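Examination of the molecular architecture
One-letter residues, chain by chain:
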Amino acid sequence: ETIHYPRYQDVFGETMVELATENPKIVGVTPAMTTGCSLTAMMEKFHDRAFELWIAEHHEVNFSGGVSVQGMIPYCNIYSTFMQRAYDQVVHDVAIQNLHVIFCLDRGGLVGSDGATHHGVFDLAFMRSIPNMTVAAPMDEIELRQMLYTFQTQPFGPVSIRYPRGKGVHAQWKVPFEKIPVGKGRVICQGDQLAILTIGHVGNFARKAIEKLKGEGYSVALYDMRFVRPLDEELLKEVFTKFDKIITIEDGVIKGGFGSAVIEWANFNGFSQNPVLLGVPDHFVDHGSLQELYKECKFDALSIYQTTLNLLTGETPQKTD
């Protein structure tokens, strides 16, 4: 029997309808991507609370800021690559005023055959540099659902939730809503030889690699960090106190991204480990299937396995950029 795994986009769309049904303050906003981001169902059911503002991302961000000022809770859904067009408005019209706008960055990470213009690989790096911003990325569609729920329960200021193009990993994802502790990661696998820290969907690739390594007698821990800003400092202290060998993985640029944030934290807190950073290297990645691109960037499951094995056995890992 074929198992149906939902697209992250559909999890977003269906969860938005549920949340908007419960909370009359919720508003959905998108720039001419209603079908692509799956806001169509909300637009049909709540046509006075769902807005398509055409291809004008800067206007969408301004609009969302104005909606927030009026006491509503805007979910501003923009493809990650197009969010770059509205960076000025994110800073000046939302973040400086600490407005409660929930940016839902669809197509976060490599997107496949649309090519270099459409890869959403910069958002973790550029969002984490903005004061007042909370930067989150779910490892799976259940976490996406719970993040969408959590951030409408109270005013959090500006929030960025990024998730990839394509399918998740859970056939049964419509679980009861639960609040996620903001700024807190979680332990996925216990281990004592090496720690892998991931942000977002790539945690599933790491889990596969760890299962293969476990079958060969190795003990590797996996931490789903969930947040790039704020970082879970308690969890990082646990990792850097316990492990000499550490790998970070992200579906985004290495320079200035999640791994950079971890290294900054370690340096400021007196730790001397030299983590291996896996992610998108320092060049524009061309088109190709997602699996081809993950392999090219060395963070598909097999590449993670090989890099981890190299570290465990004392081999010199390949440079990532």
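Residues numbered from 1 in each chain as written. Predicted model: local features only at pLDDT ≥ 70, side-chain atom pairs only at ≥ 80, totals over all residues. Heavy atoms only, no water.

Attention shifts here to the packing of aromatic side chains. Here the distance between the centres and the angle between the planes together describe a pair of aromatic rings. Applying the stated criterion across every chain yields a total of 14 aromatic pairs. Here the aromatic rings of F12 and Y163 are separated by 6.2 Å at their centres, their planes lie at 25 degrees, and the arrangement is stacked. Of this pair, F12 sits in helix α1 (residues 8-22) while Y163 sits in the loop between β6 (159-162) and β7 (186-189); the two residues are 151 residues apart in sequence, bridging distant segments of the chain. Over the aromatic face of F177 sits the side chain of R145, whose NZ or CZ is 4.2 Å from the ring centroid. Its end group placed over the ring of Y305, K212 keeps NZ or CZ at 4.8 Å from the ring centre. (Phe/Tyr/Trp six-rings, centres within 6.5 Å; stacked < 30°, edge-to-face > 60°. Helix = DSSP H or I, 4+ residues; strand = E, 2+ residues; numbered from the N terminus. Lys NZ or Arg CZ within 6 Å of the ring centre and 35° of its normal.)

The next subject is the sheet that holds strand β11 (residues 246-253). Taken in spatial order, the five strands of this open sheet run β7-β9-β8-β11-β12, and their pairing is mixed. Each end of this open sheet is capped by a strand with a single partner; those strands are β7 and β12 (276-280). This sheet shows a mean twist of 25 degrees between the axes of neighbouring strands, independent of strand direction. Judged from the five bridges that link them, strand β8 (residues 194-198) and strand β9 (residues 220-224) form a sheet pairing that is parallel. Among the inter-strand pairings, L194 is bridged to a residue of β9, identified as V220. (Pairing = 2+ DSSP bridges. Axes fitted to C-alpha atoms, helices over the stretch in contact; angles between N-to-C directions.)

Turning next to the sheet that holds strand β4 (residues 102-106). The seven strands lie next to each other as β2-β1-β3-β4-β6-β5-β10, forming an open sheet whose pairing is mixed. The open sheet has two edge strands, β2 (50-52) and β10 (227-229), and neither has a second partner. Each strand of the sheet is rotated relative to its neighbour by a mean of 20 degrees, with strand direction disregarded. One ladder, built from four bridges, connects β4 with β6; its direction is parallel. Directly across from F103, in β6, lies its bridge partner S160. Along the sheet, α1 makes contact with β1 (26-30), β3 (73-79) and β4, crossing β1 at roughly 150 degrees. (Contact = heavy atoms within 4.5 Å.)

Note that every value here comes from positions in space, so none of it alone points to a role or purpose.
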